[in-house]
Amino acid sequence: MSERRTSRTVAAPELSDELTRIAWRVERWIDPGPAAVVVGAALAAVSASLLMPWSVRADGWQILTGHVDMGPLPRLFTIVVVAGLIASALALFTRYWPLAWTAATACGIGALSGLWAVWSRQTAAGADIGPGLVVTVLAISVLFVTWAWIVVAAGPRAATVRIG
């Protein structure tokens, strides 16, 4: 009988360590559920809006590549939007929690810089705002809210899992 107790005391820490490692791996994954459809639609809208006219002079992709200069804020916005687009696509495909957090952060910065870009175009001498700029700001804002909701929903799960 003493051997049985010894084997339990030896196996218990190993089992506890293994369960802790498994729980840690599970906590790093997200399940967006129906929000994945919203993210996919917003990703399609952002992608399409980069092809739409952002002003009378230029499309979004022309501002991104530097072919047309509309000032520093619209250019910053396009760069942040592409970063949010890539991070969102990777997070959606991999369902990895740190990527979802990165996508939420990039999209939040994108929403803020998008508002600044709209403001800069409205206060410019020849104010012209195309539909692509408005669609991009709205779509990146939807992405931010959706990713923030997914990240917050997945966060408390990690705090409630206690093993050992």
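Quick notes on the rules
Counting from 1, residues in each chain are numbered in the order their sequence is written. Local features in this predicted model are restricted to residues of pLDDT 70 or higher, and side-chain atom pairs are both shown and tallied only at a pLDDT of 80 or more, whereas totals for entire chains, interfaces and linings draw on every residue. Hydrogen atoms and water are omitted, and side-chain values are computed over all heavy atoms in the structure. Note on aromatic pairs: the rings of Phe, Tyr and Trp (six-membered ring only in Trp) are paired at centre separations within 6.5 Å, and the planes decide the class, stacked below 30 degrees, edge-to-face beyond 60, tilted for the rest. Segments assigned H or I by DSSP are reported as helices when at least four residues long, segments assigned E as strands when at least two residues long, and all are numbered from the N terminus. Residues belong to one nonpolar core when they are buried, are Ala, Val, Leu, Ile, Met, Phe, Trp, Tyr or Cys, and are joined through side-chain atoms within 4.5 Å. We call a residue buried when its accessible area falls under 20% of the maximum for its residue type, exposed when it is over 50%, and partly exposed in between, using a 1.4 Å probe and counting protein chains only. Should any heavy atoms of two residues lie within 4.5 Å, those residues are counted as being in contact. In a helix, the anticipated span is given by 1.5 Å times the number of residues less one. Each direction from the helix axis to a C-beta atom contributes to the arc, which is the arc of those directions. Interaxial angles span 0 to 180 degrees and are taken between N-to-C directions of axes, which are lines fitted to C-alpha atoms, for helices over the stretch in contact. Crossings are sorted by hand: turned counterclockwise from the far helix by less than a right angle, the near helix makes the crossing left-handed, and turned clockwise it makes it right-handed. Residue type decides the class: Asp, Glu, Lys and Arg count as charged, Ala, Val, Leu, Ile, Met, Phe, Trp, Tyr, Cys and Pro as nonpolar, and the leftover types, Gly among them, as polar. UniProt positions are given in the numbering used here, feature names are shortened, and annotations may be inferred rather than shown by experiment.

Colleague: What should I look at first to understand the packing of aromatic side chains in this one?
Modeller: Ring pairs (aromatic) are described by centroid distance and by the angle formed between their planes. The full count for this structure, using the stated rule, is 1 aromatic pair. Pairing W54 with F77 gives two aromatic rings, centres 5.5 Å apart and planes at 40°, and the pair type is tilted. Here W54 is found in the loop between α2 (35-49) and α3 (60-65), whereas its partner F77 is found in helix α4 (residues 72-94), with 23 residues between them in sequence.

Colleague: I'm lost on the nonpolar core in this one. Help?
Modeller: Within soluble globular proteins, side chains that are nonpolar tend to cluster in buried spots. Among the nonpolar cores identified, the biggest contains 35 residues, and V39, F77, I140, L143 and W147 are the most heavily contacted of them. At 9 residues, helix α6 (residues 131-160) tops the list of elements feeding residues into this core. Sequence-distant contacts of W147, that is, excluding residues within four places in its chain, are made with I30, V39, S88, A91, L92, A100, A103, A104 and C107.

Colleague: Before we go on, may I ask you to explain α2 in this structure?
Modeller: An α-helical segment advances 3.6 residues per turn. Residues three or four places apart therefore align on the same side. When the terminal C-alpha atoms of α2 are compared, their 21 Å separation across 15 residues agrees well with the 21 Å that a helix rising 1.5 Å per residue should span. If you check which residues of α2 are buried, you get A35, A36, V39, A42, L43, V46 and S49. Around the axis of α2, the buried residues are gathered within 150° of arc, so they sit on the same side.

Colleague: Looking at this model, I keep getting lost on unusual backbone geometry. Mind explaining?
Modeller: Trans is the common state for peptide bonds, and a negative phi is the common state for residues other than glycine. Despite not being glycine, R95 shows a phi value in the positive range, around 60°. Here R95 lies in the loop between α4 and α5 (97-122).

Colleague: In this structure, what is going on with the packing of α2 against α4? I would like to understand it.
Modeller: A pair of packed helices is captured by two measures, namely the crossing angle of their axes and the spacing between those axes. The N-to-C vectors of α2 and α4 enclose an angle of 150°; their axes lie 11 Å apart at closest approach. Here α2 and α4 pass one another in a crossing that is left-handed. Note on element contacts: α4 touches α2 through V81, L85, S88, A89 and L92, opposite A36, V39, G40, L43, V46 and S47. Broken down by class, the residue content of the contact of α2 with α4 amounts to 8 nonpolar, 3 polar and no charged.

Colleague: Could you clarify how one ought to interpret the side chain of T78 in this entry?
Modeller: Mapped onto the elements, T78 comes out in helix α4. Exposure remark for T78: the relative accessible area of 0% places this residue in the buried category. If sequence neighbours within four positions are ignored, T78 has contacts with W54, G60, I63 and L64.

Colleague: When you look at the UniProt feature "transmembrane region" (unreviewed entry) in the protein in this model, what are you seeing that I'm missing?
Modeller: UniProt's entry tags residues 35-56, 76-93, 100-119 and 131-152 with the feature "transmembrane region" (unreviewed entry), counted in the numbering of this structure. What you have in residues 76-93 is 100% helix and 0% strand, and the ends, taken at the C-alpha atoms, are 26 Å apart. Strand forms 0% of residues 131-152 and helix 100%; the C-alpha atoms that close the span are 32 Å apart.

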